[in-house]
Amino acid sequence: MTVTLAQYNVLERCQWCPGCGDFAIAGAIRSALTELDIQPHNAVISSGIGCSGKMSHYVNCYGFEGLHGRTLPIASGIKLANHKLTVLAVGGDGDGYGIGSGHFMHIMRRNYDLTYIVHDNQVYGLTTGQASPTSQPGMKTKTTPNGVVETPFNPLASAIAGGATFVARSFAGDMVHLKETLKQAVAHRGFALVDVFQPCVTFNKLNTYEFFMKRVYKLQDAGHDYANRELALQKAFEGPDSNFEKLPIGIFYKVERPTYEDTLPALKEKALVEHPLTGIDVSQAFEELL
Ligand code: SF4
Ligand code: MG
């Protein structure tokens, strides 16, 4: 192994609230990339807006912080421009499952070779704690003073049904599990979703570390077969079906399928960025249009 953890560390002080689950996700991303021996100049993190949006500043590799909900289109653009890079898209539950939900559904069926890490804290944290698409029914927030009445968005079931080829969940209170899950997601060739239970210690007083520690259990310890799609869907519904009393974490579903990049003739020989930009004759294309 040639890469060291120090290469991924940043000198800047992370601006998250003390105790926030975001720290564990940043640490797990740095460790996973190090242990996979990926050089920082070969890795890119795209992010949207929200507390999770700062991730592209807090891991020392290439980064792009874009608009709210747009981390996936940015990541796919980066991947198409240079498919040799390891690309991680980072977002939040409000960012990715609310504003960016259209991108989420369509990117999965294309199967780009990307890892999508979602800081799922069940609130809009940066804007001080409004209900998000994954807030539990009954949860009181500034925007739901009488409690959430909607059915929460189910990211894992949506990903399994939507064509994602790697679907997993982890917990920011279990660094080892999180790092190992991220390593497998990055190593997987195809679109990988890792939804992370990430306690927002400042604005979510319901889904705390203690809440998750009492309820999470590891799918792989329970002998789950991630090749079985029906079983994966069943497990994806276990949280809502048990009124969030039983929360499985681990790899729910995994399958091999050609990636979007594999199917593009223009990328067969080399990455798009490696093609020369001079001496391109487009006259024939114009003639065909006339
Ligand atoms: Fe973390 Fe919540 Fe603070 Fe954002 S507001 S940094 S999610 S604890
Ligand atoms: Mg959130």
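So, here's what we can say about the structure. Along each chain, residues carry numbers from 1 onward, in the same order as the chain's sequence is written. Note on labels: chains are lettered from A, ligands numbered from 1, in written order. Restriction of local features to residues with pLDDT of at least 70 applies here, the model being predicted, together with a cutoff of 80 or more for giving and counting side-chain atom pairs; totals for whole chains, interfaces and linings are based on all residues. To obtain the side-chain values, all non-hydrogen atoms of the structure were included, while hydrogens and water were left out.

1. A closer look at the overall build of the protein
Part 1: Scanning the protein from N- to C-terminus turns up twelve helices and ten strands.
Part 2: All radius of gyration figures rest on C-alpha atoms, and the globule criterion is 2.2 Å times the number of residues raised to 0.38. Relative to a compact globule of 290 residues, whose C-alpha radius of gyration would be 19 Å, the protein shows 20 Å and is just as compact.
Part 3: Considering only C-alpha atoms, the protein reaches an extent of 65 × 45 × 40 Å along its principal axes.
Part 4: When accessible area is computed with a 1.4 Å probe and restricted to protein chains, residues below 20% of their type maximum are described as buried, those above 50% as exposed, and intermediate ones as partly exposed. Every one of the 290 residues in the protein was classed for burial, and the buried ones make up 52%.
Part 5: Contact criterion: two residues are considered in contact whenever any of their non-hydrogen atoms come within 4.5 Å of each other. Put simply, of all contacts in the protein between residues at least 6 apart along the chain, 72% involve residues at least 24 apart.
Part 6: Lys and Arg are tallied as positive, Asp and Glu as negative. Neither His nor the chain termini are counted. Note on charges: their place is set at NZ of Lys, CZ of Arg, CG of Asp or CD of Glu. Distance between charge centres in the protein, computed from 25 positive and 28 negative side chains, equals 5 Å. The secondary structure listing takes helices from DSSP runs of H or I that are at least 4 residues long and strands from runs of E that are at least 2 residues long, numbered from the N terminus.

2. Re the coordination of the magnesium ion (ligand 2)
Part 1: Those protein atoms acting as donors to the magnesium ion (ligand 2) are Asp-93 (OD), Asn-121 (OD1) and Val-123 (O), and they sit at 2.1 to 2.2 Å.
Part 2: Here the term donor refers to an N, O or S atom within 2.8 Å of the metal (or 3.2 Å for Na, K and Ca), and because water is left out of the atoms, sites may appear incomplete. Each donor residue of the magnesium ion (ligand 2) belongs to the same chain, and together they define the spacing D-x27-N-x1-V. Taken together, the positions of Asp-93 in helix 5 (residues 93–99) and Asn-121 in the loop between strand 4 (115–120) and strand 5 (123–124) put the pair 28 residues apart, joining distant regions of the chain.

3. As for the environment of Met-139
Part 1: The topology assignment puts Met-139 in the loop between strand 6 (130–131) and helix 7 (155–162).
Part 2: Owing to a relative accessible area of 6%, Met-139 belongs among the buried residues under this scheme.
Part 3: For the pair formed by Met-139 and Cys-20, sequence separation is 119 residues and the distance between their alpha carbons is 20 Å.
Part 4: Ignoring sequence-local partners within four residues, the contact set of Met-139 consists of Gln-122, Val-123, Thr-144, Gly-147, Val-148, Asn-204, Leu-206 and Asn-207.

4. A look at the nonpolar core
Part 1: Counting 33 residues, the largest nonpolar core has Tyr-8, Ile-29, Ile-45, Met-55, Ile-117 and Leu-182 as the members making the most contacts within it.
Part 2: Counting residues per element, the ones that place at least two in this core are helix 2 (22–35), strand 1 (43–47), helix 3 (55–58), strand 3 (86–92), strand 7 (166–171), helix 8 (175–187) and strand 8 (192–197).
Part 3: Not counting the four nearest positions on each side in its chain, Tyr-8 is found in contact with Val-3, Arg-30, Leu-33, Thr-34, Ile-38, Gln-39, Pro-40, Ala-43, Tyr-58, Val-59, Asn-60 and Cys-61. Throughout this description, the term nonpolar core refers to a set of buried Ala, Val, Leu, Ile, Met, Phe, Trp, Tyr and Cys residues connected via side-chain atoms within 4.5 Å.

5. What about helix 4 (residues 71–81)?
Part 1: When helix 4 is considered as a whole, its buried residues turn out to be Thr-71, Leu-72, Ile-74, Ala-75, Ser-76, Ile-78 and Lys-79.
Part 2: Contact partners of the buried residues in helix 4: strand 1, strand 2 (62–65), strand 3, helix 5, helix 6 (101–110) and strand 4.

6. Focus: a nonpolar patch on the surface
Part 1: Each patch is assembled from residues with relative accessible area greater than 30% and no salt bridge, linking like charges that lie within 9 Å and nonpolar side chains (Val, Leu, Ile, Met, Phe, Trp, Tyr) that lie within 5 Å. Each accessible area is a Shrake-Rupley result for a 1.4 Å probe, and residues are judged covered by the shown protein chains and nothing else. Criterion for a salt bridge: a side-chain nitrogen of Lys or Arg within 4 Å of a carboxyl oxygen of Asp or Glu. Taken together, the side chains of Leu-277, Ile-280, Val-282, Phe-286 and Leu-289 present a nonpolar region at the surface, about 610 Å² in accessible area.
Part 2: Inspection of the secondary structure assignment puts Ile-280 in the loop between strand 10 (247–254) and helix 12 (283–289).

7. Section: the pairing of strand 4
The side chains of a regular strand alternate between the sheet's two faces.
Part 1: A large share of strand 4 lies buried, amounting to six of its six residues.
Part 2: Side-chain alternation along strand 4 places Thr-115, Ile-117 and His-119 on one buried face and Tyr-116, Val-118 and Asp-120 on a second face that is also buried.
Part 3: Strand pairing is defined by DSSP finding a minimum of two bridges between the two strands. Direction of pairing for strand 3 relative to strand 4: parallel, over a ladder of five bridges. Paired with Gly-92 across the bridge in strand 4 is His-119.

8. What to know about the site of ligand 1
Part 1: Only a single heavy atom is needed: when it lies within 4 Å of a molecule or strand, its residue is near that molecule or strand. Looking at ligand 1, the residues that line it are Trp-16, Cys-17, Cys-20, Asp-22, Cys-51, Asn-121, Gly-125, Gln-198, Cys-200, Val-201, Thr-202 and Phe-203.
Part 2: Classifying every residue of the shell around ligand 1 gives seven nonpolar, four polar and one charged. In the scheme used here, Gly and all other residues not listed as nonpolar or charged are polar, with Ala, Val, Leu, Ile, Met, Phe, Trp, Tyr, Cys and Pro taken as nonpolar and Asp, Glu, Lys and Arg as charged.

9. Some details on the pattern of salt bridges
Part 1: The tally for this structure, following the rule as stated, stands at 14 salt bridges.
Part 2: Two residues, Lys-79 and Asp-113, come together in a salt bridge whose shortest N-O distance is 3.8 Å. In this pair, Lys-79 is assigned in helix 4 and Asp-113 in the loop between helix 6 and strand 4, connecting sequence segments 34 residues apart. For the pair shown, Lys-79 and Asp-113 are each scored as buried.

10. Digging into the environment of Val-90
Part 1: As for its placement among the helices and strands, Val-90 is situated in strand 3.
Part 2: For Val-90, a relative accessible area of 0% corresponds to the buried category.
Part 3: Separated by 83 residues in sequence, Val-90 and Gln-7 place their C-alpha atoms 20 Å apart.
Part 4: Sequence-distant contacts of Val-90, that is, excluding residues within four places in its chain, are made with Ile-29, Ile-45, Ser-46, Ser-47, Gly-48, Ser-52, Met-55, Thr-71, Ile-117 and His-119.

11. Some details on the side chain of Asp-113
Part 1: Here Asp-113 falls in the buried class, since its relative accessible area comes to 15%.
Part 2: Side-chain atoms alone can form a polar contact between residues adjacent in sequence; in general such a contact is a pair of N or O atoms within 3.5 Å, and within protein one must be able to donate a hydrogen while the other accepts it. A polar side-chain atom of Asp-113 sits 3.1 Å from the main-chain amide nitrogen of Gly-190.
Part 3: Setting aside residues up to four positions removed in sequence, Asp-113 forms contacts with Lys-79, His-188, Arg-189, Gly-190, Thr-259 and Glu-261.

12. Some thoughts on the packing of helix 6 against helix 7
Part 1: With axes taken as lines fitted to C-alpha atoms, and helix axes fitted only over the stretch in contact, angles between N-to-C directions fall between 0 and 180 degrees. The geometry of helix 6 relative to helix 7 is characterised by a closest axis approach of 9 Å and an angle of 40° between their N-to-C directions. On the basis of their axis angle, the class for helix 6 and helix 7 is oblique. Crossing of helix 6 against helix 7: the hand is right-handed. Contact with helix 6, carried on its side by Phe-104, Met-105, Met-108 and Arg-109, involves Pro-155, Ser-158, Ala-159 and Gly-162 of helix 7 and no other residues of that element. Should an angle lie under 35 degrees it is considered roughly parallel, over 145 roughly antiparallel, and from 65 to 115 roughly perpendicular; all remaining angles are considered oblique. In this scheme the handedness of a crossing depends on how the near helix is turned from the far one: anticlockwise by less than a right angle means left-handed, clockwise means right-handed.

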